[in-house]
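A closer look at the structure
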There are 2 protein chains.
Amino acid sequence: MDTRHWLELLPLPADVPAYLALARAIRGLAMDGRVGAGARLPSERTLAAALGVSRTTVTRAYGELVASGWARARQGSGTTIALPSGERAPSLPLIPGLRTDAIDLSAAAGLAPAGTEAIIRSSLDWLPATLNSAGYEPFGAPHLRRRIADWYSARGLVTDPGQVVVTAGAMTAVSVAMHALLNPGDRIVVDSPTYPGAIGAIEVVRARAVSVPLVAGWDLAGWGEALRRSKARAAYLIPDFHNPTGLLMPQAQREDLAGLLGQHNCVPVVDETLAELNLAGSAMPAPFAALDPRAVSIGSLSKVLWGGIRIGWLRCPPALLDAVRTRAVQLGLGASALDQLVATSYFEDPAPVREEVVRRLDTACDRWLQALAVRLPSWQVARPDGGLALWVELPRRASSELALAAAAHRLVLAPGPRFSADRTHANRLRLPLTLPPEVIEEAVERLAATWDDVLRGVPAVGRGESLAL
Amino acid sequence: MDTRHWLELLPLPADVPAYLALARAIRGLAMDGRVGAGARLPSERTLAAALGVSRTTVTRAYGELVASGWARARQGSGTTIALPSGERAPSLPLIPGLRTDAIDLSAAAGLAPAGTEAIIRSSLDWLPATLNSAGYEPFGAPHLRRRIADWYSARGLVTDPGQVVVTAGAMTAVSVAMHALLNPGDRIVVDSPTYPGAIGAIEVVRARAVSVPLVAGWDLAGWGEALRRSKARAAYLIPDFHNPTGLLMPQAQREDLAGLLGQHNCVPVVDETLAELNLAGSAMPAPFAALDPRAVSIGSLSKVLWGGIRIGWLRCPPALLDAVRTRAVQLGLGASALDQLVATSYFEDPAPVREEVVRRLDTACDRWLQALAVRLPSWQVARPDGGLALWVELPRRASSELALAAAAHRLVLAPGPRFSADRTHANRLRLPLTLPPEVIEEAVERLAATWDDVLRGVPAVGRGESLAL
């Protein structure tokens, strides 16, 4: 555990008892991901000395965290961070006993588009033939791999089905790529901000993320410097409607970046899971691997179809195929046979579903921007080129405070630091375009009320207060 | 790469040119898993010196391997092992251009039982409600977790749904457990033989497997010694119809083993994926975690229903739940929503499907044993207590030779060394009870013909011969 985190707890606000202020500050670190579930808290004595508070204050603060479910105390092994809910991923904010009328803005995942049921039912025409097999296709069924290869070829990147490895969703594909490319201690260059799942996948292989800030666009001088300094073996990129900023990397930058990566012998892992969610009608460049044939490309149906269909894939250069396949079967034996049928059925005529999804995101984008302009005019937000989210800039570095205060207003938020390996972006908040449009005004009302609390210094809720909604 | 492997190449048979003998011997190492895809071959000079052959012999042998697809040569990085097929998992034997009339005895996975289609179709009654959600359930849908918890409780192990984490198949569950419990360099005790997928999952986290031989049953003195000597943090067990031996661990041994594990503070990962495949009608003990509450239990529907439904799970003690959940979401975002509906539908009335599967395995077992007794009486094989396989003992340590020679007879075999981390069991062969019964006599004819070739010293096929069937 990096001791710097604990110094970030200072200064403790003076408007509540010190133990409560300390407990809330630690909870804030857990909530925005700076310390993870299972992380060990310093001994009471160590932390008291580091922060210059009494040991009793630390003891009571730890007691508060344990009582509210945010920490566990174990005989002989000290106190460790816990995440209180039984139902949610540790990468998302966890609110104990979340009320069902809460609005969750932390995930960018929508309901299935209207055409999904018909696609699923028509895919069952192939069921009898599929049931007459062992069902295992560790690298993907040939019918689906051919469709995926054709999809790349049609976008200007000639692809053989043998280059495609299908996985149970894009998160698994990202993890397979990290396991195939990185050894413990290796460095990998990432944008800051970036997709939190990629940060987790880098952590699991014990590699180290080197962050390059991405503000209004990619900073290629920064990339060049990071590549030169870090000698990274790999990079993780989202050039097509970057998560969370929604930016599309211009063609000229792609060419320059491909050149830099080649020059530094750094293999790009290119996450193209959002490439179909083109909101601004931009002309789409060819997939990144058309510029850099060493790239591993990652795609998925979860964003353009539905998250319940767990189909992701990697498109590999031949030199990496053995390594990727070896890791893929060590992490799982492939995707659901049913989901693969659904995916093939989807690819027969993807346009109607894609158009419905893009229309829905576009409508949501309009309503968000209108409501935010009226109720929270001090928040800056640009219309994204594409993707699933708005990347809002707050007028102060209060994203984690906002996320903590949100529970009292029945909101779940994803604070900015969750989206970067270096835990910066404390002035940012990601809002999902996937929220059903009819809920958006209500969500903005609650955001405005929460922001009001933050501005007026209303302390975030504690145990026995509205955290346990 | 462990240099010991290369010395295992000696002595080279003298009945073919030395380069061909060397190429075949290296291919044998790749085929039975002693060297994996991507492993680097020694430099030609090093290997020539180690084996006492000319450098020209090694050069020609490597050329032969490259030409037949079993190795790749790359500028500046030497020659690496490759696996020639585009379609199969690297953990399975790979035959380039395998003829479709080949019989694959390397995997123990059957066709879907007759009731599967009805279960799938009836599960779609819940589809509209499911589509009206984001589809992501990173730890499993509540409906399924409740069923799985009830299944444990009914078997004598009281379980809360919150303890269950659903994954996209049991292989992913095994990988999640290894990632949650082991750090690089840690030791884990395993049986020899054991499930090859577990060996792969141990390898991916860079832990070290400590093998305890399992012959006619578990050797608890051996386990005690391995635990004491290795200070292993974890153990991997298959007490219910062990893969590949089919043994059921007696209750008294379970109690003793649980005691030993507790005494050495070693957490058991208990693979119970075969527990429902009771062929001998044995009385089933409660799940192992009823004896050792520190155990992580792993289950799956792939064996008792169908491999195309990718549903596995972990049942965790509360102390490990945070770590398991963290690793689970770093390796994937959960199982298919459709497969989870199918699984819940299956659990409504599992008996008919299970009885059909067990009946089919039983019939296959009879036919295997009869045909083997007639055509290969020198092979020893016991009727298994349960599970999916026969663990055949050959009268000599010729399992890998047999697997190599099998291609000429349109057979794919899983040689014994593939089933152990220490690559022993060269006198063993696993045969699948999942083979459709009507094919078994033909499979035994081909096995007998292959065995004949091995006895007569017919060399395994090389490039341009029948390997490229």
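To keep things clear, this report deals only with the structure shown in the data block. Computed from a predicted model, the values in this text were never measured in an experiment. (Residues numbered from 1 in each chain as written. Chains lettered and ligands numbered in written order. Predicted model: local features only at pLDDT ≥ 70, side-chain atom pairs only at ≥ 80, totals over all residues. Heavy atoms only, no water.)

**Some points on unusual backbone geometry**
Only a minority of non-glycine residues have a phi that is not negative, and only a minority of peptide bonds are not trans. The omega torsion across Ser192 of chain A and Pro193 of chain A is 10 degrees, close enough to zero to call that bond cis. Between Asn243 of chain B and Pro244 of chain B the backbone carries a cis peptide bond, its omega angle lying at 10 degrees. With respect to the helices and strands, the residue Pro244 of chain B is situated in the loop between strand E7 (234–237) and helix H11 (251–263). The residue Arg410 of chain A is not glycine, and still its phi comes out positive at about 55 degrees. The exposure class of Arg410 of chain A is partly exposed, given its relative accessible area of 24%. (Helix = DSSP H or I, 4+ residues; strand = E, 2+ residues; numbered from the N terminus. Buried < 20%, exposed > 50% of the residue type's maximum accessible area, 1.4 Å probe, protein only.)

**So, the packing of helix H8 (residues 170–181) of chain A against helix H9 (residues 196–204) of chain A**
Residue and element names in this part refer to chain A. For the pair H8 and H9, interaxial distance at closest approach is 9 Å and the crossing angle is 35 degrees. In the crossing of H8 with H9, the sense of the turn from one axis to the other is right-handed. Residues Met171, Val174, Ser175, Met178 and His179 of H8 lie in contact with H9, whose contacting residues are Gly197, Ala198, Ala201, Ile202 and Val204. Taken together, the residues that form the contact of H8 with H9 break down as 7 nonpolar, 3 polar and no charged. (Axes fitted to C-alpha atoms, helices over the stretch in contact; angles between N-to-C directions. Left-handed = near helix turned anticlockwise from the far one by under 90°. Contact = heavy atoms within 4.5 Å. Nonpolar A, V, L, I, M, F, W, Y, C, P; charged D, E, K, R; others polar.)

**Quick notes on the sheet that holds strand E14 (residues 428–432) of chain A**
Residue and element names in this part refer to chain A. As summarised here, the arrangement of the 3 strands in space is E11-E14-E13, forming an open sheet in which the pairing is antiparallel. The open sheet is flanked by strand E11 (389–393) and strand E13 (414–415), the only strands paired with a single partner. Two strands pair when backbone bridges link them, and E11 and E14 are joined in this way by 5 bridges, in the antiparallel orientation. Considered in E14, the bridge of Val392 is made with Leu429. (Pairing = 2+ DSSP bridges.)

**Regarding the environment of Gly169 of chain A**
All names here are of chain A. Relative to the elements of secondary structure, Gly169 occurs in the loop between strand E4 (164–167) and H8. Residues Gly169 and Leu220, spaced 51 residues apart in sequence, show a C-alpha to C-alpha distance of 30 Å. When sequence neighbours within four positions are dropped, the list of residues in contact with Gly169 reads Arg310, Ile311 and Gly312.

**So, the environment of Arg147 of chain B**
All names here are of chain B. Relative to the helices and strands, Arg147 is located in helix H7 (residues 142–154). In this structure, the C-alpha to C-alpha distance between Arg147 and Ala343, residues 196 residues apart in sequence, is 8.9 Å. Ignoring sequence-local partners within four residues, the contact set of Arg147 consists of Thr344, Phe347 and Glu348.

**What to know about the pattern of salt bridges**
In total, this model carries 36 salt bridges over all chains according to the counting rule given. In this structure, Arg446 of chain B engages Glu442 of chain B in a salt bridge whose closest nitrogen and oxygen atoms are separated by 2.8 Å. You can see Arg446 of chain B and its partner Glu442 of chain B sitting in helix H16 (residues 437–456), 4 residues apart, about one turn around the helix. When salt bridges that share partners are traced, they join Arg155, Asp240 and Arg254 of chain A into one network. (Salt bridge = Lys/Arg side-chain N within 4 Å of Asp/Glu carboxyl O.)

**Considering the pairing of strand E2 (residues 78–81) of chain B**
Residue and element names in this part refer to chain B. In this sheet, E2 lies alongside strand E1 (residues 71–74) in antiparallel orientation, the contact comprising 4 bridges. Residue Ala73 lies in a different strand from E2, and its bridge partner there is Thr79. Hairpin connection from E1 to E2: 3 residues lie between these consecutive antiparallel strands, with Gly76 at a positive phi of about 85 degrees.

**Remarks on the nonpolar core**
Judged by nonpolar contacts, the single largest core of 256 residues is most densely connected at Trp223, Trp368 and Leu447 of chain A together with Trp223 and Trp368 of chain B. With 10 residues, the single largest contributor to this core is helix H14 (residues 351–375) of chain A. Once residues within four sequence positions are removed from consideration, Trp223 of chain A is found in contact with Val189, Val190, Asp191, Val212, Trp218, Ala235, Tyr236, Leu237, Leu257, Leu260 and Leu261 of chain A. (Core = buried A, V, L, I, M, F, W, Y, C linked by side-chain atoms within 4.5 Å.)

**Some details on the state of the cysteines**
Applying the stated rule across the entire model yields 0 disulfides over all chains. Distance from the sulfur of Cys266 of chain B, which forms no disulfide, to the nearest cysteine sulfur (Cys316 of chain B) is 16 Å. (Disulfide = S-S within 2.5 Å.)

**Considering the interface of chain B and chain A**
With 73 residues of chain B in contact, the opposing surface of chain A contributes 73 residues. Carbon and sulfur atoms supply 56% of the area that chain B and chain A bury against each other, a total of about 5700 Å² over both sides. If you sort the residues of chain B by the area they bury against chain A, Leu131, Tyr136 and Gln330 of chain B come out on top, with a joint share of 11%. Inspection of the chain B/chain A interface yields 2 salt bridges. Across the salt bridge formed by Asp322 of chain A and Arg72 of chain B, the nearest N and O atoms sit 3.2 Å from each other. Between chain B and chain A we count 22 residue pairs in polar contact (both at pLDDT 80 or more) in total. Broken down by secondary-structure element, the contributors of at least two residues to the side of chain B that touches chain A are E1, helix H5 (116–123), helix H6 (127–131), H7, helix H8 (170–181), helix H9 (196–204), helix H12 (318–331) and helix H13 (337–348) of chain B. With 9 residues, H12 of chain B is the single largest residue contributor to the side of chain B that touches chain A. Classifying every residue of the side of chain B that touches chain A by side-chain character gives 37 nonpolar, 21 polar and 15 charged. (Buried area = accessible area lost by both parts, 1.4 Å probe. Polar contact = N/O pair within 3.5 Å; in protein donor to acceptor, adjacent residues only side chain to side chain.)

**Observations concerning the relation of the copies chain B and chain A**
Once chain B has been moved 0.1 Å along the axis and rotated by 180 degrees, it coincides with chain A to within an RMSD of 0.1 Å. In short, the pair behaves as if placed about a two-fold rotation axis. (Least-squares fit on C-alpha atoms with pLDDT ≥ 70 in both.)

**Looking at the sheet that holds strand E7 (residues 234–237) of chain A**
Residues and elements named next belong to chain A. Overall, mixed pairing links the 7 strands, which are arranged E4-E10-E9-E8-E7-E5-E6 in an open sheet. Each of the sheet's edge strands pairs with one partner strand only, and the pair in question is E4 and strand E6 (208–213). Each strand of the sheet is rotated relative to its neighbour by a mean of 20 degrees, with strand direction disregarded. Pairing of E4 with strand E10 (residues 312–315) involves 4 bridges; the strand directions are antiparallel. Within the sheet, the bridge partner assigned to Val166 lies in E10 and is Trp313.

**Looking at the packing of aromatic side chains**
Residue and element names in this part refer to chain A. For the structure on display, the rule yields 12 aromatic pairs over all chains. Seen from their ring centres, Trp379 and Trp451 are 5.5 Å apart, and the 85 degrees between their planes marks the pair as edge-to-face. Of this pair, Trp379 sits in the loop between H14 and E11 while Trp451 is found in helix H16 (residues 437–455), placing the two residues 72 residues apart along the sequence. Exposure remark for Trp379: the relative accessible area of 5% places this residue in the buried category. Chaining the aromatic ring pairs together yields one cluster made of Trp151, Tyr152, Trp313, Tyr346 and Phe347. The ring of Phe139 has Arg325 lying over it, and the distance from NZ or CZ to the ring centre is 4.9 Å. (Phe/Tyr/Trp six-rings, centres within 6.5 Å; stacked < 30°, edge-to-face > 60°. Lys NZ or Arg CZ within 6 Å of the ring centre and 35° of its normal.)

**Examining H9 of chain A**
Of all 9 residues in H9 of chain A, 7 are buried; the element is thus mostly enclosed. For H9 of chain A, the full list of buried residues reads Gly197, Ala198, Ile199, Gly200, Ala201, Ile202 and Val204 of chain A. Tucked into the core, H9 of chain A has its buried residues touching H8, strand E5 (187–192), E6 and E7 of chain A together with H8 and H12 of chain B. One or two residues past the end of H9 of chain A sits Arg206 of chain A, with phi positive at roughly 60 degrees.

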